[in-house]
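Fold and geometry: a report
Single-letter residue listing:
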Amino acid sequence: MLDISGLVSGYGRITILRGVDLCVREGELVALVGVNGSGKTTLMKTIAGLIRPTGGAIRFEAAELDGRGCERAVEAGVVLVPEGRMVFPRMSVWENLMLGGVHPRARARRAASLERIFDLFPRLAERRDQHAGSMSGGEQQMLAIGRGLMALPRLLILDEPSLGLSPLMVQETYAALRRLNGEGLTILLAEQNVKLSLAVSSRGYVIENGRIVLEGASGDLVRDPATRKAYLGRL
Amino acid sequence: MSGEVLLQAAVQGLQMGAIYALIALSMTLIFSVGGLLNFAHGDFLALAMYGSFILYAALKVDAYVAAPFMFLLFLGLGILLFRRLVQPVLAAGVLAGAQLTLGLVFVEQNLILVLFGGDYHTVPTVLSNRNLVIAPLVMPWVLVVGSAAAATLAAVLYVVLMRSDFGRQVRAVTQNRDAAALMGIRIDRIQALAFGLGIGLLGLTGPMIVSQFTLSPTMGLDLTLVALIVMVIGGIGNFLGSMIGGLIIGVAESLGSLLYGGTVGAMIPYGLLIVVLLFRPRGLLGER
Amino acid sequence: MTALFSGYGGPLPWIAFVVIALAPFALGGGSISIALLTMLFIYLCIAWNIVGGTAGQFCIGHSLFLAAGAYTPTLLSIHFGLSPWIGMFAGAAVAVIIGVFIAWLSFRYALPPLSFALVTIAFAMLGYLALSSIDFFGASRGLTLPRGGPASYQFRSDGTYYVVIAVHALAALVLSAWLYGSKIGLYLRALRDNERAAHAIGVPVLKYKMMAMAISAGLTALGGTFYAQYLQFVEPHTFAGITIVIEIILFTVVGGTGTVWGPVLGPLVLVPAGEWLRHTFGDALPGVHLLIYGLLLVTVIRIAPDGLVGALSRRWPKAELPRTTSTESA
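Everything numeric in this text was worked out from a predicted model, so none of it was measured.

On to unusual backbone geometry. Of note in the backbone geometry, Lys60 of chain B takes a positive phi value of approximately 55 degrees without being a glycine. Of note, Lys60 of chain B is situated in the loop between α2 (41-59) and α3 (63-90).

What follows is the structure, given as structure tokens:
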């Protein structure tokens with residue numbers, strides 16, 4: 001579904017990604033693990049269209065996504081739930097969700113999508129009119145995921161969803177992700193928390209200094225001493 | 001100084017204040033969405049007023065009738081200018097954008113000078129020289145209508161921003177541009193529309209208030225400065241703040257002129273600006 | 001001396017400058033008055049650039065300094081018969097005091113750049129309103145300078161005035177170039193690019209802000225004195241109005257803020273262009289020349305948002321300017 005080859009990207013003159021190869025097949029839940037500064041976020045943003053790559057290619061199903069911008073990505077069905085959530089703080093839950101569904105394909109199904117999301121995250125329904133900025137980290141994460149879902153993604157990308165969340169909220173969030181993947185949504189998950197992300201995914205990649213250094217089935221990666229090494233013993 | 005005279009001046013100040021508030025709101029819209037400080041804002045308003053002057057002088061079209069046409073014209077003008085001129089310059093930074101608007105001040109002021117000469121002009125309408133009397137107040141109809149129109153437009157703008165999809169997208173871009181982009185929102189399109197709307201509002205406001213002003217080529221800069229002051233005092237990006245700020249400035253200017261003379265009255269807004277910038281830099285109601 | 005030549009193009013721009021400066025004497029006639037005006041703006045732009053470009057403090061209050069330099073010696077001359085040659089230092093002192101006060105305010109209240117610009121506008125407008133309404137300053141009519149000779153900073157020929165301002169400009173240029181290459185200049189640019197970082201590494205922020213402002217204010221005031229002596233009257237619109245500050249800023253922007261030669265290039269191109277336009281079109285329709293002028297300005301900004309110097313150094317990148325690029329990060 002998603003095919004990335006030789007991706008080179010960065011900010012201005014600073015190159016972060018030095019040739020990344022990665023693929024995600026339909027229906028999978030793939031994990032991308034790496035420490036701070038390894039290039040996870042840059043990769044996520046480049047796939048989503050926020051950053052224009054300087055080399056390599058991103059192909060999603062039939063469409064070429066490299067350097068075409070966010071609108072193209074969202075239209076094709078690639079939606080990013082960014083690091084730090086980035087909810088719109090001075091708008092209500094409902095407004096945030098409505099904004100998720102602005103592009104034409106999603107707009108037609110907005111009402112139905114909204115219902116589905118409130119179903120998936122009952123807490124959001126409770127806080128429908130609350131300002132997003134006043135919610136807890138976990139609630140914001142749910143909102144951010146919900147907002148991403150409103151855009152009717154074929155591939156949902158998440159950048160560090162467990163960051164800053166209480167353990168309980170992390171469990172809830174991952175449960176939701178598991179459920180969504182079970183219903184058929186393809187997910188690419190970037191995390192610092194190796195144990196968690198490899199536990200919920202079927203396949204994984206390890207990124208270090210802008211390059212993929214390991215890949216394989218999640219179960220294998222967990223046991224692989226090389227993974228441990230890439231994390232300086234943080235497993 | 002009788003209470004009646006003070007009351008009269010205060011009411012007049014409130015009415016002018018509503019107009020100032022609307023100008024400030026349109027300026028805030030442009031600033032919040034694109035980061036552009038439009039020094040030429042008042043000059044666009046002046047152009048709109050001169051536009052209605054021309055329509056009146058040449059075609060005997062009453063200013064109030066001209067208003068909707070001016071709105072559409074200026075909306076289109078705004079979008080065109082943004083796409084062709086402002087957006088490319090903004091790529092070099094917001095400072096460059098502000099400098100561009102300084103250049104536009106030059107252009108527009110002298111465009112007016114060339115087309116209309118340096119003489120003062122006035123534009124009479126059907127309501128000129130007639131007063132609404134609600135004892136003990138004697139209010140010129142043009143001011144009543146002008147301020148009512150300004151208040152109404154402000155309310156309409158509020159509804160658009162808060163309730164419509166477009167308004168939501170505009171606010172999203174203001175609050176987090178990257179997140180808005182990730183939703184598939186076309187940032188450049190929203191910016192162009194917001195800019196166009198801001199200018200369009202000026203096109204609509206101009207004819208509505210033209211008959212209570214004396215037109216001169218340099219009036220634009222004064223209007224820009226007042227709008228700037230209101231915007232800052234109320235808190236940049238704060239809708240309610242701009243409304244209240246406008247009313248405060250309007251009343252302060254009016255009462256100040258009455259009690260201490262025209263020059264002091266003109267100085268008060270600047271004094272207030274300095275005080276607010278130093279002691280309440282986020283504005284009286286805080287930024288949004 | 002060699003430090004001055006270490007910039008873009010080495011000694012070439014300096015030679016060019018001197019040659020151009022001498023040109024009006026060869027061309028004669030009307031070119032001297034245009035050259036005079038050009039040189040004045042070059043001088044004022046260099047002065048503004050010290051605080052506005054190099055130190056990155058976008059100050060729109062320079063009309064105050066100009067007015068200080070224009071009004072103070074004039075008043076001293078009218079009331080005490082003091083020669084403007086001496087009075088101009090008093091004018092500079094007044095400007096420096098005002099400037100340092102504003103810089104102190106901006107530091108004390110931690111004003112972000114936008115607020116700083118607005119505060120300076122507000123002070124400038126207050127000054128303008130005060131000068132145009134108080135009779136002591138001549139209100140809106142202004143004051144006429146008492147007549148005198150060279151001892152009172154008045155000359156009969158434009159040529160002499162031109163020499164005076166050209167010397168001013170050259171001195172300012174040397175000062176600006178020296179400042180640029182010196183430690184002070186480095187600190188100022190650090191302030192401009194990232195004030196917090198500069199503070200963190202120990203740059204005394206307040207001291208340098210005040211210094212930049214003081215130099216800029218003093219220089220501008222001297223320019224104001226010159227202009228007053230040339231016009232032989234002072235009045236609020238010309239000296240304290242915002243228009244002239246906008247022109248100074250625009251010329252510097254077109255030339256390239258934060259560079260040594262930007263404030264020279266801008267006026268060098270734009271002032272004669274403006275005068276030529278006025279000469280050619282000015283009579284037909286009043287304001288046409290200014291309109292074309294404005295369009296020209298807007299076009300230049302559109303094409304080269306980081307100024308002519310920026311555009312030139314992109315065209316000939318080899319001799320790279322010792323400068324960081326524009327004050328904005330996207």
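After that view of the structure, there is still more to cover.
Paired through backbone hydrogen bonds, the strands of a sheet run either parallel or antiparallel to each other. Residues and elements named next belong to chain A. Across the sheet, six strands lie side by side as β6-β7-β8-β3-β9-β10; this open sheet has mixed pairing. The sheet is open, and its two borders are formed by β6 (78-81) and β10 (211-217), each paired with just one other strand. Taken pair by pair, the neighbouring strands of this sheet meet at an average axis angle of 20 degrees, ignoring direction. Taken together, the five bridges between strand β7 (residues 155-159) and strand β8 (residues 186-191) define a ladder with parallel strand orientation. Residue pairing across strands places Leu156 opposite Ile187, the latter belonging to β8.

It is worth spelling out the environment of Ser9 of chain A at this point. All names here are of chain A. Inspection of the secondary structure puts Ser9 in strand β1 (residues 2-11). Residue Ser9 is classed as buried on the basis of its C-beta count, with 26 C-beta atoms lying within 10 Å. A sequence separation of 46 residues divides Ser9 from Gly55, and the C-alpha atoms of the two residues are 6.8 Å apart. Leaving out residues up to four positions away in the same chain, Ser9 has contacts with Ile16, Leu17, Thr42, Thr46, Ile51, Pro53 and Thr54.

This part takes up the interface of chain A and chain B. In many reports, interface size means the accessible area that the parts give up when they come together. Contact residues are listed per partner, giving 20 residues for chain A and 16 residues for chain B. At the level of elements, α2 (70-76) and α3 (93-100) of chain A are the ones that each hand at least two residues to the side of chain A that touches chain B. By residue class, the composition of the side of chain A that touches chain B is 14 nonpolar, two polar and four charged.

With that settled, the discussion passes to the pairing of β8 of chain A. Within a regular beta strand, the side chains point alternately toward one face of the sheet and then the other, so they alternate between its two faces. Residue and element names in this part refer to chain A. Burial runs high along β8: six of the six residues are buried. On β8, burial covers both faces: Thr186, Leu188 and Ala190 on one face and Ile187, Leu189 and Glu191 on the other are all buried. Across five bridges, the pairing between strand β3 (residues 29-33) and β8 is parallel. The residue of β8 that forms the bridge with Val33 is Glu191. Taken together, β7, helix α8 (residues 167-182) and β8 form a β-α-β motif whose crossover is right-handed.

Definitions and limits used
Along each chain, numbering runs from 1 in the same order as the chain's sequence is written. Note on labels: chains are lettered from A, ligands numbered from 1, in written order. In keeping with the model being predicted, local features are shown solely for residues with a pLDDT of at least 70 and side-chain atom pairs are shown and tallied solely at 80 or more, while totals for entire chains, interfaces and linings include all residues. Only DSSP runs of H or I covering at least 4 residues are called helices, and only runs of E covering at least 2 are called strands; the numbering of each starts at the N terminus. Each pair of strands is called paired provided DSSP finds at least two bridges between the two strands. Only C-alpha atoms enter the line fits that serve as axes; for helices the fit covers just the stretch in contact. Angles between N-to-C directions range over 0 to 180 degrees. Residues with at least 20 neighbouring C-beta atoms inside 10 Å of their own are called buried, those with 12 or fewer are called exposed, and the rest are partly exposed, where every C-beta is derived from the backbone. In this description, a residue-residue contact is defined by the distance between C-beta atoms placed from the backbone, which must lie within 7 Å. Polar here means any residue outside two lists: the nonpolar Ala, Val, Leu, Ile, Met, Phe, Trp, Tyr, Cys and Pro, and the charged Asp, Glu, Lys and Arg; Gly therefore counts as polar. The handedness rule is simple: strands pointing away from the viewer, and a clockwise path from the first strand over the helix to the second, make the crossover right-handed.

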